[in-house]
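So you can see what is in the structure, the chains are spelled out below.
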Amino acid sequence: MNASDRTPADLLRSALAADPARPLITFYDDATGERVELSVATFANWVAKTANLLQGELSAAPGDRLALLLPAHWQTAVWLLACASVGVTAEVGGDPADADLVVAGPDTLEAGLACSGERIALSLAPLGRRFPAAPAGYADYAVEVPSQGDRFAPFAPVDADAPALVVDGTEHSGAQLVEQARADAAALGLAPGSRLLSGLGYDGWQGLSSGLYAPLAAGGSVVLCRNLDQLGAEGLEKRVESERVTHTAR
């Protein structure tokens with residue numbers, strides 16, 4: 001990837017320039033049987049739409065803090081990169097009461113109501129389906145995002161040295177995040193074209209790195225598996241073979 005990249009959004013732009021058609025995230029939920037594959041171009045389109053929603057509709061700006069109350073999921077990855085594109089600090093599992101905005105899933109809707117700012121709810125249903133009715137106090141992401149623009153430009157340049165991510169109580173700037181992701185990719189032996197299968201959650205740095213940032217930094221891709229413990233050893237072996245997995249993080 002480009003050695004001058006200093007933010008996660010830079011990493012995504014470099015991936016898009018290098019090979020937009022290659023897979024970036026292949027997501028499985030072994031509790032529902034869902035499988036979704038997103039190319040770099042498709043993922044970048046979701047990121048652009050979500051960043052436009054953040055900046056344009058929700059009036060988020062650099063320095064704002066967003067409590068991200070979502071599990072390991074392809075849409076969570078989209079939100080992480082959208083926040084990085086706008087300059088919003090994503091606080092994974094953060095306290096909604098202290099956040100400017102909150103993004104919640106079906107299991108965290110009640111907790112998210114503590115946020116006095118904008119609230120977005122995701123159903124996390126297969127195919128990104130909307131809720132039957134928007135949860136009280138929330139806007140439905142699946143309703144709001146489709147009409148957003150496919151191209152994104154921040155109103156203000158994103159400062160690579162400003163806080164970009166908070167996880168495990170530790171704050172990372174965009175530049176620190178990229179540096180650590182590159183170091184993790186090297187430690188894992190990732191290279192362009194590598195396919196890393198991750199069954200780790202997004203509630204800690206190791207899961208976020210193996211499930212998104214390290215493969216992105218290396219020019220590889222991730223097979224992100226939620227509820228992997230329900231698959232079984234034989235099923236896992238078949239998945240590793242069918243998805244051409246080269247590395248695993250479980």
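Please refer to the structure higher up on the page.
The following refers to the structure shown.

Rules used in this analysis
Residues numbered from 1 in each chain as written. Predicted model: local features only at pLDDT ≥ 70, side-chain atom pairs only at ≥ 80, totals over all residues. Heavy atoms only, no water. Pairing = 2+ DSSP bridges. Helix = DSSP H or I, 4+ residues; strand = E, 2+ residues; numbered from the N terminus. Phe/Tyr/Trp six-rings, centres within 6.5 Å; stacked < 30°, edge-to-face > 60°. Buried < 20%, exposed > 50% of the residue type's maximum accessible area, 1.4 Å probe, protein only. Lys NZ or Arg CZ within 6 Å of the ring centre and 35° of its normal.

A few words now on the sheet that holds strand β4 (residues 89–92). Overall, mixed pairing links the 7 strands, which are arranged β7-β6-β5-β3-β4-β8-β9 in an open sheet. Among the strands making up the open sheet, the edge pair consists of β7 (139–140) and β9 (170–173). Strand direction decides the pairing type here: strand β8 (residues 163–167) and β9, joined by 4 bridges, are antiparallel. Following the sheet pairing, proline 163 is matched in β9 by serine 173.

Next up on the list: the packing of aromatic side chains. Throughout the structure, instances matching the rule amount to 4 aromatic pairs. When the centroid spacing of 4.9 Å and the interplanar angle of 80 degrees are considered together, the rings of tryptophan 46 and tryptophan 74 count as edge-to-face. In this pair, tryptophan 46 sits in helix α2 (residues 40–57) while tryptophan 74 sits in helix α3 (residues 74–86), placing the two residues 28 residues apart along the sequence. Judged by its relative accessible area of 24%, tryptophan 46 falls in the partly exposed class. Classification of tryptophan 74 as buried rests on a relative accessible area of 3%. Aromatic side chains tryptophan 205 and tyrosine 213 sit 5.8 Å apart centroid to centroid with 10 degrees between the ring planes, which places their arrangement in the stacked category. Here a set of aromatic residues connected by ring pairs shows up, and it is made of Trp46, Trp74, Trp79 and Tyr141. Above the face of the tyrosine 28 ring, arginine 239 is positioned so that its terminal group lies 3.6 Å from the ring centre.

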